[in-house]
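Survey of secondary and tertiary structure
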Amino acid sequence: MKGFFDYIPGNTGLHKLNPVTKIMLSFIICIACFISKNPYFLLGIIGLNLLLGAYAGAFSRAVRLLKGLLKISVLLFLIQLLIIQSGEALIALPLHLSITDNGLRTAINLVLRLVGATIPLALMLSITRMNDLSNALVTRVHVPYKYAFTLTTAIRFIPVFTEEMAGIMEAQISRGVEFDTRNILKKMRLILPLCVPLLITSVKKADASAISAELRGFQLRTVKSCYKTYPFHVGDAAAFFFGACLIMGAVLLNLTNL
Amino acid sequence: MIQIDNLSFQYQDDKNMALKDISLTIAKGDFIGIIGESGAGKSTLGYAINGIIPHHYKGDYYGRVTVAGLDTFEEEPSSLALHVGSVFQDIDSQMVATEVEDEIIFGLENFGVPKEEIEGRIELALKEIGISHLRHREINSLSGGQKQKVAIAAIVALSPKILLLDEPTGELDPKSSRQIFQMLQRLNKEHNMTIIIIEQKIMLLCEYAKKLIVMKQGQMLCQGDVLEVLKQSDKLEEAGINIPRVSTLCRKLKDLGLTKEEMCIHVDETEAMIRQDILSAGWSEPQGLVNGSVKNTAKVITDNTSENISDVMAAFRNVSFGYNSEMVVKDVSFTIQKGEFVALIGENGAGKSTLSKLFNGLHKPGSGTVLIDNMNTKEVKSSIMAKSVGFLFQNPDRQICQNTIAEEIAFGLRCTTKDETEIERRTSRIIDFFGFDRDAAPFSQSRGERQRIALASLIAVEPRLLILDEPTTGLDYRECMEMMEQIETLNKKGVTVIMICHDMEVVLDFAKRVIVLSEGRIVADGETRVIFRNREALQKASILPPQITELSQRLGDAFMYADTVDEMVQVLTAGKEGAR
């Protein structure tokens, strides 16, 4: 997880898009995923995600995300497969269970949707500077600065806390707590007492952060304060057009029932 | 510039007064160091100046503070911020941006600096701090020292008249700490900026600050020019502050009537004083070497691989380790005998912490082998190794997770044994040894006390090897000494100690062997006193030797291995007598 949300510098067309566009585009891709019932379309979206990642110089991170999602996908796939028993039975299993065509279709779609919908947002966040995001949300979408700042601060603190948690785990392993076990249930039980040090550090850091922001005039900030401007360009229009096409495509494919 | 009259303050929900009747005047262009034990009220005094008290932290407030003519009780901290810029110890919490430039723009935007002025201000601030080349860098890619410079630049861009810094070098290595001080000195000299810095590193304060304020338990013990304050050694001792060793030397020599010099802070002036007042006034190299015993014990450690294997605690054989493709520890080999006290030194990024994690298997060697107490770290889980290897981390808050000190100590024990009577017996013994209150909550203790609790819970397991990652960072002098004395006691009982440390005086006083790391490789390994005379190795690792060692080297061979104040006094007096 280390460095997962770190900004990936670059000068590509995607980097240059307005931060609002980037966020909107990733939401649109998510929506398209949930509208579509067509596995080929969903696979296409996953491919598109990887392409966008490669274009923005974030291909390795996209692949890492994909790998990370794989475990949970397999788990969800199996659960869906066993829960949905309607439709034609394809393979009989013990305990009066069977794998059905309905189950298989729903499970595949669920997993593809999950993967297709998760990657875009993470990808867009890693090619957007947090200040640009909050400033653009404030000046363009008129989100109150307080909320925009809270959002971006939360994202900024993710790696800080991940590192803190890793440090806590190391410290606890070193005193004999068995985190290096392979047993996941045991690990979960051991992790609970660790929330205490993490919580205490978080509160301290949040307080330090608040004091520091206060002394740098955070409360005085208004919409007009923003030094940089965030105009929309042709590229942004193209991105929105592309997003609209995706949604239309998803709807049309559903209607034609391919 | 700043006027404090009879200021007292008590935090809400706190029994004790944090500040007691402080009166103080700070003039424009001052460079003031505030020093004292942890809990002495240093930070609270800082908060009173930037308005965090009484606006952010509430409590009972008596007296009056005015900054640039503004009453801090009436003004909001954000309007005071244009006069007083504040920088803190926790580097990451201060940052708001992804890129250096945006970090500096943030404050300028907030205070409504006209847009056409912003570009000029950014350039100027970066230039002042000497980090123009970092302007478009990602903050995440910077070192701790660089980040702290960015934080200072972001404040300097607001052009405050006063700069207030609360332990800005707390997380930095000696080299970066010195750079921060040099930069502050420049701001003070060239722009007449008033600098107020809360700091534990007395040596740096003595070298760069003009005035000192000494605090203890919420009170101001003394204040004044650095030299004047240093002369009041009894008060400094009371406040738990270690004065520079050359200052102690100077005082002792004066008491012996060997010099008339009142006070020295730097090695340069001490050397000049000794040469002029003592060496040129009838002195000859003492015959029969008073400190000969020191000379003889300081032998270079030879490779001891052939020695009896049962005496070996740790053996590293051609060990390399890296994160991803970048190697951090490169082909390192050494052997540590049972009962040794070894210090690992080197600058930040030299690989010290990484190397230390190879000792208990938190890192498994990429190539080569690590044998600890006859266990191969590749084959044994770290949580099992915890029975014989105790690891004290720099930040005790990552270790502490229970509600009372007794539970905290028992927690570690429970991981290694199931016998409750044995757990209770050992817990009680450790609590007595450290003198803790068993039902006190660990988290409400001071930093130094939390560090001792973390150490106590490790020792309860009775490890044979103790790894300490900067055990004295963030502690004041008294806490540091308490900590180190306890470790020394353990070492005398036969526990092998390996310590990462940035404080060369602590290394000199306690470690018998030093391993110097630079860029992942061992550049020197040997007896502490010998290593501190290996200029080449120290330079490679950007380490300055302790003051008295530096002095003895400059004075010549007659002073070989006179590394402590007492040894130096001994050689000087013996030579004086010899000349008679």
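It should be emphasised that the depicted structure is a prediction, and the values quoted were computed from it without experimental measurement. (Residues numbered from 1 in each chain as written. Chains lettered and ligands numbered in written order. Predicted model: local features only at pLDDT ≥ 70, side-chain atom pairs only at ≥ 80, totals over all residues. Heavy atoms only, no water.)

Quick notes on the nonpolar core
Residues and elements named next belong to chain B. To be explicit about the condition: We call a set of buried residues a nonpolar core when its members are Ala, Val, Leu, Ile, Met, Phe, Trp, Tyr or Cys and they connect through side-chain atoms within 4.5 Å of each other. Note on classification: 1.4 Å probe, protein chains only; a residue is buried when its accessible area is under 20% of the maximum for its type, exposed when over 50%, partly exposed between these limits. Helix numbering and strand numbering both begin at the N terminus, where a helix is a DSSP run of H or I of at least 4 residues and a strand a DSSP run of E of at least 2. The contact rule is simple, with two residues in contact once any of their heavy atoms fall within 4.5 Å.
Core analysis: the largest hydrophobic core is formed by 68 residues, its most contacted members being Ile104, Ile152 and Leu163. Top contributing element to this core by residue count: helix H7 (residues 144-156), with 7 residues. The residues contacting Leu163, other than those within four sequence positions of it, are Gly85, Ile152, Ile155, Val156, Leu184, Leu187, Met193, Thr194, Ile195 and Ile196. Among the nonpolar cores identified, the runner-up in size contains 52 residues, and Ile400, Phe434, Met481 and Ala537 belong to it.

Considerations on the side chain of B:Gln94
The following threshold applies: Whenever a nitrogen or oxygen atom comes within 3.5 Å of another N or O atom, the pair is scored as a polar contact, on the condition that within protein one atom can donate a hydrogen and the other can accept it, and that pairs from neighbouring residues in sequence are kept only if both atoms are in side chains.
Relative to the helices and strands, B:Gln94 is located in helix H4 (residues 91-94). Polar contacts involving the side chain of B:Gln94 include one to the main-chain carbonyl oxygen of B:Phe88, which spans 2.6 Å. Of note is the side chain of B:Gln94, whose polar atom sits 3.2 Å from the backbone oxygen of B:Asp90. Once residues within four sequence positions are removed from consideration, B:Gln94 is found in contact with A:Ser212, A:Arg216, B:Val87, B:Phe88, B:Gln89, B:Glu103, B:Gln148 and B:Ala151.

Some words on the interface of chain A and chain B
Cut-off, in case you're wondering: Take the accessible area each of two parts loses on contact, using a 1.4 Å probe, and add the two losses: that sum is the buried area. Basic side-chain nitrogens of Lys or Arg form a salt bridge, by our definition, when they fall within 4 Å of a carboxyl oxygen of Asp or Glu. Charged residues are taken to be Asp, Glu, Lys and Arg, nonpolar residues to be Ala, Val, Leu, Ile, Met, Phe, Trp, Tyr, Cys and Pro, and polar residues to be all remaining types, Gly included.
Listed by partner, the interface residues are 51 residues for chain A and 61 residues for chain B. It is A:Arg175, A:Arg216 and A:Tyr227 that lose the most area in chain A upon contact with chain B, and together they represent 20% of the buried surface on that side. Linking chain A to chain B there are 11 salt bridges. Here B:Glu101 ties to A:Lys228 by a salt bridge, and the two come within 3.2 Å at their closest N and O atoms. The tally of links from chain A across to chain B stands at 28 residue pairs in polar contact (both at pLDDT 80 or more). For the side of chain A that touches chain B, the secondary structure elements donating two or more residues are helix H6 (130-140), helix H7 (145-174) and helix H9 (195-214) of chain A. A total of 13 residues in the side of chain A that touches chain B trace back to one element, the largest contributor, which is H7(A). Its residues assigned to classes, the side of chain A that touches chain B comprises 22 nonpolar, 12 polar and 17 charged.

Some points on the sheet that holds strand E10 (residues 219-225) of chain B
Residues and elements named next belong to chain B. The condition that has to hold: The rule for pairing is simple: two strands pair if DSSP sees at least two bridges between them. In this description, a line fitted to the C-alpha atoms serves as the axis of each element, helices being fitted only across the stretch in contact, and the angle between N-to-C directions of two axes falls anywhere from 0 to 180 degrees.
Taken together, the 6 strands give an open sheet; going across it, the order is E6-E7-E8-E3-E9-E10, and neighbouring strands pair in mixed fashion. A strand with exactly one partner marks an edge of an open sheet, and here the two such strands are strand E6 (84-87) and E10. Neighbour-to-neighbour, the strand axes of this sheet turn through a mean angle of 15°, independent of strand direction. Contacting E6 and strand E7 (162-166), H7 crosses the sheet at an angle of about 165° to E6.

Re the environment of A:Leu151
Relative to the elements of secondary structure, A:Leu151 occurs in helix H7. In this structure, the C-alpha to C-alpha distance between A:Leu151 and A:Met130, residues 21 residues apart in sequence, is 9.2 Å.

Some details on the environment of B:Gly29
Residue and element names in this part refer to chain B. Positionally, Gly29 belongs in the loop between strand E2 (19-26) and strand E3 (31-36). On the basis of relative accessible area, Gly29 is assigned to the buried category, the value being 7%. Sequence-wise, Gly29 and Leu187 are 158 residues apart; in three dimensions their C-alpha atoms are separated by 9.7 Å. Setting aside anything within four residues of it in sequence, one finds Gly29 in contact with Asn188, Asn192, Met193, Thr194 and Lys210.

Quick notes on unusual backbone geometry
Here B:Ile53 and B:Pro54 are connected by a cis peptide whose omega angle stands at 5°. With respect to the secondary-structure elements, B:Pro54 resides in helix H2 (residues 52-55). Positive phi, normally seen in glycine, also occurs at A:His142, with a value near 60°. Tracing the chain through its elements places A:His142 in the loop between H6 and H7.

Section: the state of the cysteines
Residue and element names in this part refer to chain B. This is how the line gets drawn: Defined by distance alone, a disulfide is two cysteine sulfur atoms within 2.5 Å.
Going through the model one piece at a time under the given rule, you end up with 0 disulfides over all chains. Here Cys222 stays free of any disulfide, with the sulfur of Cys206 as its closest cysteine sulfur at 12 Å. Cysteine Cys250 shares no disulfide, and the gap to the nearest cysteine sulfur, in Cys264, comes to 3.6 Å.

Details of the pattern of salt bridges
All names here are of chain B. Overall, the coordinates contain 44 salt bridges over all chains when judged by the stated rule. A salt bridge links Lys211 to Asp30; its shortest N-O distance comes to 3.5 Å. With Lys211 in strand E9 (residues 211-216) and Asp30 in the loop between E2 and E3, the pair connects residues that are 181 residues apart, well separated along the chain. Glu37 serves as the salt-bridge partner of Arg478, at 2.9 Å between the closest nitrogen and oxygen. Placement of Arg478 in helix H20 (residues 477-492) and of Glu37 in the loop between E3 and helix H1 (42-50) is noted, with a sequence separation of 441 residues between them. By sharing partners, the salt bridges in this structure join Asp268, Glu271, Arg275, Arg535, Glu550 and Arg554 into a single network.

Points about helix H19 (residues 447-459) of chain B
As a reminder of what qualifies: Given the number of residues in a helix, its expected span is that number minus one, multiplied by 1.5 Å.
Taking 1.5 Å as the rise per residue, H19(B) with 13 residues should run 18 Å; its terminal C-alpha atoms sit 18 Å apart, in good agreement. For H19(B), a buried count of 11 out of 13 residues is recorded, marking the element as mostly surrounded by other parts of the structure. Every buried residue of H19(B) is listed here: B:Gly448, B:Arg450, B:Gln451, B:Arg452, B:Ile453, B:Ala454, B:Leu455, B:Ala456, B:Ser457, B:Leu458 and B:Ile459. Tucked into the core, H19(B) has its buried residues touching H9 of chain A together with strand E16 (389-392), helix H17 (405-414), helix H18 (420-434), strand E17 (465-469) and H20 of chain B.

Digging into the domain arrangement of chain B
All names here are of chain B. What counts, and what does not: Segmentation of the chain into domains, including their bounds, is taken from an automatic or database domain assignment.
Taken domain by domain, chain B consists of domain 1 (2-241), domain 2 (247-296 + 561-579) and domain 3 (304-547). Averaged C-alpha coordinates put domain 1 and domain 3 at centres separated by 33 Å. Each side of the interface is counted separately: domain 1 has 16 residues, and domain 3 has 12 residues. With both sides pooled, the region where domain 1 packs onto domain 3 buries about 1,100 Å², and carbon together with sulfur makes up 46% of that total. Three residues stand out in domain 1 for area buried against domain 3, namely Ser38, Asp173 and Met203, and they jointly supply 36% of the buried area on that side. Our enumeration of links across domain 1 and domain 3 arrives at 2 salt bridges. One salt bridge connects Glu347 with Lys175, and the closest N-O pair in it is separated by 3.6 Å. One can count 5 residue pairs in polar contact (both at pLDDT 80 or more) joining domain 1 with domain 3. Elements with a contribution of two residues or more to the side of domain 1 that touches domain 3: helix H8 (174-191) and helix H11 (233-238). If you tally residues by element for the side of domain 1 that touches domain 3, the top one is H8, at 3 residues. For the side of domain 1 that touches domain 3, a count of residues per class yields 4 nonpolar, 5 polar and 7 charged.

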